[in-house]
Amino acid sequence: MKFRMVKRTSPLPKVMAVGVAILSLGGIVVTAAEAAAPAQVRSPREAAPFDLTGYWTAVVSEDWRWRMVTPAKGDFASLPLNDEGVKVGNEWDPAKDAAAGAQCKAFGAGGIMRMPTRLHITWQDDLTLKVETDHGQQTRLFRFAAPRPAPAAGGGGGGPPALPPLNPAPVAGAASLQGNTVARWNVNTLEGATNNLLAGYLRRNGAPYSENAIVFEYWTQHTDFGDTWLTITTVVRDPKYLRQEMITSSSFKKLPDASKWTPLPCDKA
Amino acid sequence: MRTSCRAAAFGLLFCASALIGQGANAQEIDFTGEWRPIYHEDGPERRPGPELGDYAGIPINDSTRLRADSYSPERIIAVTENGCRQHSADYSMRGLANLRIMRELDPVTQQAVSFHTRIGFHTMDRTIYLDGRPHPGPQAPHTWQGFSTAEWKGNQLAITTTHLKENYHRRNGIPSGPNRTFTERWVRHGDVLTVVTIVDDPEMLTERFVRSQSWMLDPGQHVVANPCEYGGESTYAVGTVPAYLPGTNPFINEFADRWGLPRSGARGGAATMYPEFRLKMEKPATTPEKCTLYCKCMNDVDACPD
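Please read all numbers here as calculations on a predicted model, not as lab measurements. (Residues numbered from 1 in each chain as written. Chains lettered and ligands numbered in written order. Predicted model: local features only at pLDDT ≥ 70, side-chain atom pairs only at ≥ 80, totals over all residues. Heavy atoms only, no water.)

This brings us to the overall build of chain A. Helix and strand content of chain A: 5 helices and 11 strands. The burial tally for chain A puts 49% of its 269 residues in the buried class. Considering only contacts within chain A whose residues lie at least 6 apart along the sequence, 62% involve residues at least 24 apart. About 12,900 Å² of surface is accessible on chain A, with carbon and sulfur atoms providing 58% of the total. (Helix = DSSP H or I, 4+ residues; strand = E, 2+ residues; numbered from the N terminus. Buried < 20%, exposed > 50% of the residue type's maximum accessible area, 1.4 Å probe, protein only. Contact = heavy atoms within 4.5 Å. Areas by Shrake-Rupley, 256 points an atom, 1.4 Å probe, with all protein chains shown as cover.)

To continue, consider the interface of chain A and chain B. Facing the 70 residues of chain A at the interface are 73 residues of chain B. Summed over both sides, the interface between chain A and chain B buries roughly 5,700 Å², with carbon and sulfur atoms accounting for 58% of that surface. Of all residues in chain A, W64, F225 and I247 of chain A give up the largest surface area on contact with chain B, accounting jointly for 14% of the area buried on that side. Linking chain A with chain B are 7 salt bridges, by the criterion used here. For E41 of chain B, the salt bridge goes to R114 of chain A, with nearest N and O atoms at 3.1 Å. At the surface where chain A touches chain B, the tally comes to 28 residue pairs in polar contact (both at pLDDT 80 or more). The set of elements that each furnish at least two residues to the side of chain A that touches chain B consists of α1 (12-36), β1 (54-58), α3 (64-67), β9 (214-224), β10 (227-237) and β11 (246-255) of chain A. Of all the elements, β11 of chain A adds the most residues to the side of chain A that touches chain B, at 7 residues. Residues belonging to the side of chain A that touches chain B are distributed by class as follows: 28 nonpolar, 26 polar and 16 charged. (Buried area = accessible area lost by both parts, 1.4 Å probe. Salt bridge = Lys/Arg side-chain N within 4 Å of Asp/Glu carboxyl O. Polar contact = N/O pair within 3.5 Å; in protein donor to acceptor, adjacent residues only side chain to side chain. Nonpolar A, V, L, I, M, F, W, Y, C, P; charged D, E, K, R; others polar.)

Let us look at the confidence of the model for chain B. Residues and elements named next belong to chain B. On average, residues of chain B score 89 in pLDDT, and 89% of them reach the 70 mark or higher. Across residues 9-26, where pLDDT falls below 50, the model places 15 contacts with residues more than four positions away in sequence or in other chains. If you check the scores for this complex, the pTM reads 0.88 and the ipTM reads 0.89. (pLDDT = per-residue confidence, 0-100.)

Here it is, written out as structure tokens:
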């Protein structure tokens, strides 16, 4: 007895198969097109994940007795100073600083974000973010590298590749209180690294950081309960005076306008 | 299986895997690990403890100030119920003990559905849900660690916590109310975790209260069990609650005078948080020329001797 296979002729499975295949192939085509298209090059200003511009006020809810007033000489509580740092700190002489025109040593890049100050942030150009303080009347420039095309998107999911640590190269030119800051965006964090510094103070009472210090910063912005906040985590690396990296975080709140802006020189601030 | 059905199944599988891959593109950061608190800010206040009368930089209202003035630290010994009281979720993130963070992953999507924190003091455990569940209703019980949910905002974890028990904004008598809520932002920079907390407590504060602190990843650390056992250590009669009547606390100005601070600054209030306060605060009653006490307290090497 012979049996013969009878093919079913219902069109539905064929239609489904074709439809799914088209959808799948469409996904492949789109992905390939994305990979092939030239990535748009945006300046750091255009690529900013959040708007830092405007006026900000420090909110001094921590370290109050070391930030709002000048603490007593030798008060180094919480600071990871080594023996040399403590020795140099105990030699602090504010009159000597004033005579030398060095009243602003506590307003250098290593300590300025702990000061009770306001910030005015603008874009000086597409590659440079300008940060001014009213107390101490300091200006910092965060310099971004010229933008390059972003690498093509890979398949298979996963977020952007992790960036290597930011490390500033030695800089020719005179050192300064604010040094030289290289900056970049890392997802929604502004990262900065500052070197080429003059020696300064971590606190108003002469707790020192040296000319070899590097200051790393991580700026993040968020909105909670209707207010816009800026948190700056500062890491000071200074093996000359610190037994380990000093890590603090300072909070700022967005102001609606410039009405609170009160420029004061260092010796009055 | 017929050829047409095989093709359909393959196509569906391809689409499904592509969708799962898209989910994994969300910017999830791994916060798991053992974290050691960094005491480079407010070290003496956070570890040995805050001094009586130190309300500086906290936006307390008048009734909260009065209540804080009535506080006696003897209360911890005398009132048995306070002996094992936990620090609430907002205060515990000041890093009063070491921290372990763990996470649970959805077995299919491999995305985080919750984080768990364990702080090594009085078994403070907290769950932070990322699965979109709502917070419980207003009649749900309040706990020391509250109820926390979170969502990713870029590389930040944004957490909201409700249903907290009454506790303290600072453990020198400044109370925090049972109807407060607080938000957190967790951000990781390499091996450093920065946690920002913002507390909304309209019963006790006139403004939102922000604080931030950082932790260092420490793989060699192990958060140990630290259960608390109630014990009778007090010589006070049962039912006694040590306190000071208004105007009778002899320690109110001790903090300001010891450190050479304006007394109005030590009394706290929202104005003390802003730069303009420096321009109008009065001269301190005393001005110590040199540090004589706790000068190197919490600098990671020296303790805080008397």
